[in-house]
Amino acid sequence: DNSRIGPLQIQIFTLCMLSLIMDGFDVQAMGYVAPAVARELGLVPEQMGRLFSAANFGVLIGSLGLTMLADKIGRRPVLIGATLFFSLLTLATAYAQSFEQLLVLRFIGGIGMGCIIPNATALIGEFSPLRRRVTLMMCITVGFTAGAAFGGFVARWMIPAFGWRSVFIFGG
């Protein structure tokens, strides 16, 4: 609590922020590609609503379940595993051919996405000196919002050039 921030903390903070940026991008990606997905797969608004809800429900389950797992086995392995997990599911989303496949992939991917914010934030807090803990946690978790915003710019450029699937390949 009284020590200075050293290279180990900077490395941990950087990796957590990168995970949060990736998480923000992938959580919001479906929102950016929704019109193109609906057009290509012939989806109606009710199906799109279910598609958005599936990922959020997965996020809820992941944030609860994987955070408890991280308390038992450690935040680092859970964060690494969950980041790899949701990245692979995001890549798989690019190859979905139906509404049902998208629904399942977004739900399962959401489980991995859901553990990033609570566990990265807790890890940042554990490695921060008391006097700067809240400030560091706040500044680094802004990475989620930065990733979500960055996703809009990426989608705006990639969808016209390469189609909606390219956004998920980039995100993965």
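Model, not experiment: these values are computed from the prediction.

### Re the overall build of the protein chain
Looking only at helices and strands, one finds seven helices and zero strands in the protein chain. Reading the helices (α) and strands (β) of the protein chain from amino to carboxyl end gives α-α-α-α-α-α-α. Computed over the C-alpha atoms, the radius of gyration of the protein chain is 17 Å, within 12% of the 16 Å expected from 2.2 N^0.38 for a compact globule of 172 residues. Principal-axis analysis of the C-alpha atoms gives the protein chain an extent of 60 × 30 × 20 Å. For the protein chain, long-range pairs separated by at least 24 residues make up 80% of all intrachain contacts whose partners lie at least 6 apart in sequence. Accessible surface, the protein chain: about 8,900 Å² in total, of which carbon and sulfur atoms supply 69%.

### Some thoughts on the packing of helix α5 (residues 116-126) against helix α6 (residues 133-162)
Running from N to C, α5 and α6 cross one another at 150°; their axes reach a closest spacing of 9 Å. By the criterion of interaxial angle, the relationship of α5 to α6 is roughly antiparallel. Crossing geometry of α5 relative to α6 is assigned as right-handed. Between α5 and α6, the residues in contact are I117, T121, I124 and G125 and R133, L136, M137, I140, T141 and F144, respectively.

### Here's the deal with the pattern of salt bridges
In this structure the tally under the stated criterion is four salt bridges. Salt-bridge contacts for E40 lead to R165; the nearest nitrogen and oxygen are separated by 2.7 Å. With E40 in helix α1 (residues 7-41) and R165 in helix α7 (residues 165-171), this residue pair connects regions lying 125 residues apart in the sequence. On the accessibility criterion, R165 (18% relative accessible area) is buried. Here R50 makes a salt bridge to E46, at a shortest N to O gap of 4.0 Å. In this pair, R50 and E46 are both assigned in helix α2 (residues 45-73), four residues apart and thus about one turn of the helix distant. With a relative accessible area of 47%, E46 lands in the partly exposed category. When salt bridges with common partners are traced through the structure, they connect D71, R75 and E126 into a single cluster.

Definitions and cut-offs
- Residues numbered from 1 in each chain as written.
- Predicted model: local features only at pLDDT ≥ 70, side-chain atom pairs only at ≥ 80, totals over all residues.
- Heavy atoms only, no water.
- Helix = DSSP H or I, 4+ residues; strand = E, 2+ residues; numbered from the N terminus.
- Rg over C-alpha atoms; globule rule 2.2 N^0.38 Å.
- Contact = heavy atoms within 4.5 Å.
- Areas by Shrake-Rupley, 256 points an atom, 1.4 Å probe, with all protein chains shown as cover.
- Axes fitted to C-alpha atoms, helices over the stretch in contact; angles between N-to-C directions.
- Parallel < 35°, antiparallel > 145°, perpendicular 65-115°, else oblique.
- Left-handed = near helix turned anticlockwise from the far one by under 90°.
- Salt bridge = Lys/Arg side-chain N within 4 Å of Asp/Glu carboxyl O.
- Buried < 20%, exposed > 50% of the residue type's maximum accessible area, 1.4 Å probe, protein only.

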